[in-house]
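Single-letter residue listing:
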Amino acid sequence: MEQKKLVLCQSCAMPLVKEEDFGTNADGSKNTDYCVYCFKDGKFTCETTMEEMIDFCVPLTSNGDPYNSPEEAREAMLALFPQLKRWRK
Ligand SMILES: [Zn+2]
């Protein structure tokens with residue numbers, strides 16, 4: 001059986017599952033690193049810092065899916081985000 005690797009957006013950590021979840025390159029092809037909300041037509045949709053991105057994502061992910069509280073979400077993101085391509089130093 002083929003094990004499918006979970007792909008996460010390398011900017012906001014959203015799981016990229018469906019074709020339409022993926023961002024687009026300047027030539028219209030799919031970008032396999034970033035989601036459609038972060039990356040469109042070959043560039044990031046907004047210039048932001050990792051801290052701002054975490055602030056934005058916490059309320060979206062802390063109502064039980066996948067995190068149970070804002071504190072839990074923030075802690076998980078502070079561990080995960082520095083490993084993502086966009087924020088890696
Ligand atoms: Zn994203």
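Here we summarise the structure given alongside this text. Everything numeric here is computed off the predicted structure, so don't read it as measured data.

**Some thoughts on the overall build of the protein**
Broken down by element type, the protein carries two helices and six strands. Starting at the N terminus and walking to the C terminus, you meet the elements of the protein as β-β-β-β-β-β-α-α. Taken along its principal axes, the extent of the C-alpha atoms in the protein is 40 × 40 × 25 Å. With 89 residues in all, the protein has 19% of them scored as buried.

**Focus on the pairing of strand 4 (residues 30-35)**
Sheet topology places strand 3 (residues 22-24) next to strand 4; three bridges connect them, and they run antiparallel. Bridge assignment links Phe22 to a residue of strand 4, and that residue is Cys35. Linking two consecutive strands that pair antiparallel, namely strand 3 and strand 4, is a turn of five residues; a positive phi of about 90° is found at Gly28 within it.

**Observations regarding the environment of Ile54**
Note on placement: Ile54 falls in helix 1 (residues 50-61). In this view, Ile54 contacts Arg74, Met77, Leu78 and Phe81; residues no more than four positions away in its chain are not counted.

Thresholds, definitions, all that
Residues numbered from 1 in each chain as written. Predicted model: local features only at pLDDT ≥ 70, side-chain atom pairs only at ≥ 80, totals over all residues. Helix = DSSP H or I, 4+ residues; strand = E, 2+ residues; numbered from the N terminus. Buried ≥ 20, exposed ≤ 12 C-beta atoms within 10 Å, placed from the backbone. Pairing = 2+ DSSP bridges. Contact = placed C-beta atoms within 7 Å.

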